[in-house]
Each structure stands twice: as C-alpha cells, then as structure tokens.
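Below are the chains, spelled out letter by letter.
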Amino acid sequence: CPCYRKRIHCCTSPLHCVSWPSVFVRFWTGNRVNAGQRKLSREERRRLLEISIRRARPGTGSVLLELREASNDYSSTKIIPDFGDIPHAIVGGLATAQYMPRRMTEDSDVLVLPKDLAVAEKVCVESCCSKLGALAIGGSSWRMANDRMLDLIALDFPWVEDALATSVAGDDGLPYVRLPFLVVMKLGSGRLQDLADISRMLGCASEHGLAEVREIVKRYNPGDVEDLESMIILGRLEHSSEDSTES
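Attention in this report is confined to the structure presented alongside it. (Residues numbered from 1 in each chain as written. Predicted model: local features only at pLDDT ≥ 70, side-chain atom pairs only at ≥ 80, totals over all residues. Heavy atoms only, no water.)

## Remarks on the overall build of the chain
Looking only at helices and strands, the chain features twelve helices and seven strands. The burial tally for the chain puts 48% of its 247 residues in the buried class. Taking contacts inside the chain between residues at least 6 apart in sequence as the whole, the part at least 24 apart equals 65%. About 12,800 Å² of surface is accessible on the chain, with carbon and sulfur atoms providing 51% of the total. (Helix = DSSP H or I, 4+ residues; strand = E, 2+ residues; numbered from the N terminus. Buried < 20%, exposed > 50% of the residue type's maximum accessible area, 1.4 Å probe, protein only. Contact = heavy atoms within 4.5 Å. Areas by Shrake-Rupley, 256 points an atom, 1.4 Å probe, with all protein chains shown as cover.)

Written out as structure tokens, the structure is:
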C-alpha cells in the first residue's frame, strides 16, 4: 500500500499488513527494533491478539485463489541438499506455503534432531554448501552452491521427534512439517511474523485440520491454547465475508 498512514490507522486486519508487526514492536519498546529479532513474551502476545480481534473486520484478507495463482514457483531451484535417511522436515516460510498462499522467502529452513546435526552438516559440506555460523536457537546457517540460504535448525523439544516422524511429502517430494507442529514451532518463536503466519494458516485450515492443531498445541504447549483460539478467530475473520459473519 503506498499510503503508510492508511496502512497503520485504517487497516482493519493488522495481521494482514506487512508493516504492522514492526509498528507494534516500536509501540511496545519505544525503540526502532528489528521485528525479526524481537521475541514477544506470552503476555505481550496476548495483548496484541486482543487488540487485533477488536480491530478485525470480516473479509479484509486477499482472495486466496488469486494469491495462490500468483505464487512464486521454486520448483526450478534446489531448495535443500539431499539429506537421505536423516530424519528432517522443511519448516519456516517454505512450509507455510503448504497451508496458506505462498509468501516470498529467500531461504530454506530444515528441522533436524540435535543428535543428527553433525551428520546433516556433513551432508551440507559434501553438497558444496558454505557454513556461515551457528544459530542461537540451535543448529547452523549455510549458503548453498546456488546461493540460496539454508538454516539447519536443531531443536531439543519433546514435539520435535513426533514432528519429523509424521512429516508429509509436498508436491516436490520433499518432507514438510505438518501444520500442527508448524503452529507449535511458530508459537514458541515469539516473532510477530510467525503470529501473522499462524493466523493466515489457521484461516485456511479445515475444521479437521483445526482439530488436529488444537490437539497438538494442548498436548505440547497447553499455555498457548487461549492464544491459539484468538488466532483462529482472526484467520477466519480475514477470509470471511460480511454476509457470512452476520448470518
């Protein structure tokens, strides 16, 4: 939107705005903070969701079919090395595209078990990837031979093993983390972009899909159940019509 003022003050679905996260980060901290580096506390997240629900109006999201038709295609680009039998699954922006209209992402995120990190890194070396450094959350960052960025994420949480064991194959044949575990992972990250992703993915999910998400979140992160319901409401509002909401 060329009108910055309109984007801040007039948008009725804040989670749909690209600039909305950074605006609210500055609101809370009083400083210019990079939204990608700012981790919200659970209380801050709850306050944001309360504000969003009060401001949200039905039908403010883009038409999903049109967004899907305009999606960027990565099929001609190698997005991850061949990890073979190492348990792994694609997460991050590429994984969200399995559950909502694709958003542009210039890197690949791959989830592995901490015990498999060393062998996964060996595969990266053998695939001519250049190691850039360690990730604070666990794992390492790489540049692939085609210049695509790759993050190997090694998380030590109870849900990770189940997430890798139940990954699903995408149209490209690669393993992607299932929606419930992607939601759990993004809830734990505390980043505003991840909250926006969760809301949009849940807005696109079927009732059966939502039931699975509720079950997994309740099992692994019961403290996030209330916030999950708020994000389901926001996602539904974004892609519903005025008439269907009033009926």
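## What to know about helix 8 (residues 179-189)
The element helix 8 is extensively covered by neighbouring structure, given that nine of its eleven residues are classed as buried. Buried within helix 8 are the following residues: Leu 179, Pro 180, Phe 181, Leu 182, Val 183, Val 184, Met 185, Lys 186 and Leu 187. With its phi angle positive at about 75 degrees, Gly 190 sits one or two positions after the end of helix 8.

## Overview of the packing of helix 7 (residues 158-165) against helix 8
Remark: helix 7 packs on helix 8, axes separated minimally by 10 Å, with the N-to-C direction vectors making an angle of 150 degrees. Relative to helix 8, helix 7 is oriented so that their crossing is left-handed. Note on element contacts: helix 8 touches helix 7 through Phe 181, Val 184 and Met 185, opposite Trp 159, Asp 162 and Ala 163. Tallied by class, residues from the contact of helix 7 with helix 8 come to five nonpolar, no polar and one charged. (Axes fitted to C-alpha atoms, helices over the stretch in contact; angles between N-to-C directions. Left-handed = near helix turned anticlockwise from the far one by under 90°. Nonpolar A, V, L, I, M, F, W, Y, C, P; charged D, E, K, R; others polar.)

## Topic: helix 11 (residues 225-238)
Helix length check: helix 11, at 14 residues, gives a terminal C-alpha distance of 20 Å against a target of 20 Å (1.5 Å per residue), a fit within 8%. Looking only at helix 11, the buried set comprises Asp 227, Leu 228, Ser 230, Met 231, Ile 232, Leu 234, Gly 235, Leu 237 and Glu 238. (Expected span 1.5 Å × (residues − 1).)

## Considerations on the packing of aromatic side chains
Counted according to the given criterion, the structure contains two aromatic pairs. Ring centres of Phe 157 and Trp 159 lie 6.2 Å apart, and the angle between their planes is 10 degrees; this geometry places the pair in the stacked category. Here Phe 157 falls in the partly exposed class, since its relative accessible area comes to 46%. Ring centres 6.2 Å apart and planes at 55 degrees place the aromatic pair Phe 181 and Tyr 220 in the tilted group. (Phe/Tyr/Trp six-rings, centres within 6.5 Å; stacked < 30°, edge-to-face > 60°.)

This is a description of form; function is not addressed.
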